[in-house]
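Topology and contacts: notes
Each chain is listed here by its residues.
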Amino acid sequence: MSFPTTRMRRLRASETIRRMVRETTISPDNLVYPIFVQEGKEIEEEIKSMPGIFRLSADKLAKEAKEAKALGIPAVILFGIPEKKDELASESYNPNGIVQLAIKEIKNAVPDLQVITDVCICEYASHGHCGVVRGEEILNDPTLPVLAKVAVSHAKAGADMVAPSDMMDGRIGAIRKELDEKGFINTGIISYAVKYASAFYGPFRDACDSAPQFGNRRTYQMDPANRREAIREAELDIEEGADIIMVKPAMAYLDIVREVRDAFDIPVAAYNVSGEYAMLVAAAERGWIDRDRTIVELLTNIRRAGADMIFTYFAKEAAKLLG
Ligand code: PBG
């Protein structure tokens, strides 16, 4: 039936009817809050290219965790910034390292907050790459045992889930095997399965001082031009034992979120990355867009594309807007 019998505007006439026919919902349940933790005491250092986001020392985490919990946010993801970086990223699996310490602080303060840890070596390695380096080559297979060791050290410290973000082939299987062998059968894996070599990670690398010292990440992260390859990546990680798969970045890759959602029944996460955060914040600061409305719209869009959960620096702010 067409116009004038059908009038689409009837279902848009008031907020009440709009609420009734809304197809996508978003709540704090869908959000994961990223936290940067660094060594030292009483540190709250704002990241230049990410206004409103801070590098915190471990003693500041209890407050942060309680705040997230009070806002209804179920989970955080931790990124560590160690004092010392070396060629082998040895701080990444130090049982007393910064992330291991941070996990304990948060679990003590808020036991039921889901603690996810980013598993990668780029933040801990002097070369800034996500794998073991020989000359100018990023080696795949020698990186796997290191990642497995990092994951086990996080599980030992009390992490609920580990999230490998390195994009080496075979790492999900290697991590699952090592976790199981060490008795951590209930530690979950969120795989950064579909992670693109994106310029949108710029501010994050500022935050962690983790820009590669030579070359780039294109031999391991995906080419932004590729779509079918995303399905292959996700498929492999699911076979190797991933519990949740992630697409990253989110905003410019919503078609990929949708494809992955349609292809698999496993929960899908999307990472609303640092550059996406920085762009929106910068435009809002200039008064060019409405900050609150843009945040809610963007996160709703990511949900509509099919993401069950969204990793976002806006988590606390969004939870307040949605609450
Ligand atoms: C580590 C890692 C990165 C991000 C998450 N984990 C950086 C990278 O791969 O260069 C990016 C997160 C963001 O930009 O918000 N491998």
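In short, a report on the structure.

About the criteria used
- Residues numbered from 1 in each chain as written.
- Predicted model: local features only at pLDDT ≥ 70, side-chain atom pairs only at ≥ 80, totals over all residues.
- Heavy atoms only, no water.
- Helix = DSSP H or I, 4+ residues; strand = E, 2+ residues; numbered from the N terminus.
- Rg over C-alpha atoms; globule rule 2.2 N^0.38 Å.
- Buried < 20%, exposed > 50% of the residue type's maximum accessible area, 1.4 Å probe, protein only.
- Contact = heavy atoms within 4.5 Å.
- Areas by Shrake-Rupley, 256 points an atom, 1.4 Å probe, with all protein chains shown as cover.
- Lys, Arg positive; Asp, Glu negative; His and termini not counted.
- Charge placed at Lys NZ, Arg CZ, Asp CG, Glu CD.
- Near = heavy atom within 4 Å.
- Polar contact = N/O pair within 3.5 Å; in protein donor to acceptor, adjacent residues only side chain to side chain.
- 1 Å grid on protein atoms, 1.4 Å probe; cavity = no way out; pocket = protein on both sides within 12 Å on 5 of 7 lines; lining within 4 Å.
- Sits in = over half its atoms within 2 Å of the grid points.
- Nonpolar A, V, L, I, M, F, W, Y, C, P; charged D, E, K, R; others polar.
- Points joined across faces, edges and corners; volume = space filled by probe spheres on them.
- Axes fitted to C-alpha atoms, helices over the stretch in contact; angles between N-to-C directions.
- Parallel < 35°, antiparallel > 145°, perpendicular 65-115°, else oblique.
- Left-handed = near helix turned anticlockwise from the far one by under 90°.

**Some points on the overall build of the protein**
Looking only at helices and strands, the protein has eleven helices and twelve strands in total. Rg of the C-alpha trace for the protein: 20 Å, near the compact-globule value of 20 Å for 323 residues, within the 12% margin. Classification of the 323 residues of the protein by burial places 54% in the buried group. The contacts in the protein between residues at least 6 apart in sequence include a share of 74% that link residues at least 24 apart. Working note: accessible area of the protein is about 15100 Å², and carbon and sulfur atoms make up 50% of it. Distance between charge centres in the protein, computed from 42 positive and 49 negative side chains, equals 6 Å.

**Observations concerning the site of the ligand**
As a matter of local geometry, the ligand sits amid 19 residues, with Lys195, Arg205, Lys248, Ser274 and Tyr313 nearest to it. Within the side chain of Arg205, an N or O atom sits 2.7 Å from an oxygen atom of the ligand. At 3.0 Å, a side-chain N or O of Arg217 approaches an oxygen atom of the ligand. Judged by its atoms lying within 2 Å of the grid points, the ligand is housed in the largest cavity. For the shell around the ligand, the elements supplying multiple residues, two or more each, are strand E9 (188–195) and helix H6 (202–208). Its residues assigned to classes, the shell around the ligand comprises ten nonpolar, three polar and six charged.

**Topic: empty space enclosed by the protein**
One simple way to see leftover space: roll a probe sized like a water molecule over the atoms. For the structure on display, the rule yields one cavity of 30 Å³ or more. Volume-wise, the largest cavity comes out at about 150 Å³. Considering the residues around the largest cavity, the lining is formed by 18 residues, among which Ser165, Lys195, Tyr201, Phe204 and Lys248 are closest to the centre. Taken together, the residues that form the lining of the largest cavity break down as nine nonpolar, three polar and six charged.

**A closer look at the packing of helix H9 (residues 274–285) against helix H10 (residues 291–304)**
Relative orientation of the contacting elements H9 and H10 amounts to 155 degrees, with a least axis distance of 9 Å. Put simply, H9 runs roughly antiparallel to H10. When the axes of H9 and H10 are compared, the crossing they make is right-handed. Between H9 and H10, the residues in contact are Tyr277, Leu280, Val281 and Ala284 and Arg291, Thr294, Ile295 and Leu298, respectively. Class assignment of the residues belonging to the contact of H9 with H10 gives a composition of six nonpolar, one polar and one charged.

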